[in-house]
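Coordinate analysis (summary)
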Amino acid sequence: MSEGQIALFIPILALLIPVFAIVGGIATKVMRDLAEHQRKMAELLHGRSSAGDQMVLEEIRALRGEVADLRDRVNQVALNSDVRPSLNN
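Residues numbered from 1 in each chain as written. Predicted model: local features only at pLDDT ≥ 70, side-chain atom pairs only at ≥ 80, totals over all residues. Heavy atoms only, no water.

1. Here we look at the overall build of the protein
Within the protein, the regular secondary structure consists of two helices and zero strands. Here the protein holds 89 residues, and 0% of them are scored as buried. Total accessible area computed for the protein in this model is approximately 8,400 Å², and 65% of it derives from carbon and sulfur atoms. (Helix = DSSP H or I, 4+ residues; strand = E, 2+ residues; numbered from the N terminus. Buried < 20%, exposed > 50% of the residue type's maximum accessible area, 1.4 Å probe, protein only. Areas by Shrake-Rupley, 256 points an atom, 1.4 Å probe, with all protein chains shown as cover.)

As structure tokens, this is what we get:
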């Protein structure tokens, strides 16, 4: 290799170092995000839930029970108002 070729490669190499660093950093971030996404998807598919999820499910069950009680009360009031004899007859 001649001195002219070496002199040409030095600036090219100096410019490629930061390019490789930036591309490597971006690739590392993408791979980390992909691994995190795969972990979350595996948890969803295998039904692993946290304690917070269990608390939410219990609250939903309690709310459904309250809604059912309210529905029964409203239906009972509606039936009582339909069956009550009129005093004006």
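2. Focus: the pattern of salt bridges
For the coordinates displayed, the defined rule picks out three salt bridges. A salt bridge links Lys 29 to Asp 33, with the shortest nitrogen-to-oxygen separation between them at 3.0 Å. On the criterion of helical spacing, the pair formed by Lys 29 and Asp 33 is a turn pair, its members being four residues apart in helix α1 (residues 3–45). The partly exposed category is assigned to Lys 29, whose relative accessible area is 42%. Arg 39 is paired through a salt bridge with Glu 43; the nearest N and O atoms lie 2.7 Å apart. One end of the pair, Arg 39, and the other, Glu 43, are both in helix α1, four residues apart, so they sit about a helical turn from each other. Given a relative accessible area of 38%, Arg 39 falls into the partly exposed group. (Salt bridge = Lys/Arg side-chain N within 4 Å of Asp/Glu carboxyl O.)

3. With respect to a negative patch on the surface
Among the surface-exposed residues, Glu 58, Glu 59, Glu 66, Asp 69 and Asp 72 lie close enough to one another that they form a single negatively charged patch. Here Glu 58 lies in helix α2 (residues 51–83). (Patch = residues over 30% accessible without salt bridge, like charges linked within 9 Å, V, L, I, M, F, W, Y side chains within 5 Å. Lys, Arg positive; Asp, Glu negative; His and termini not counted. Charge placed at Lys NZ, Arg CZ, Asp CG, Glu CD.)

Keep in mind these values describe shape, not function.
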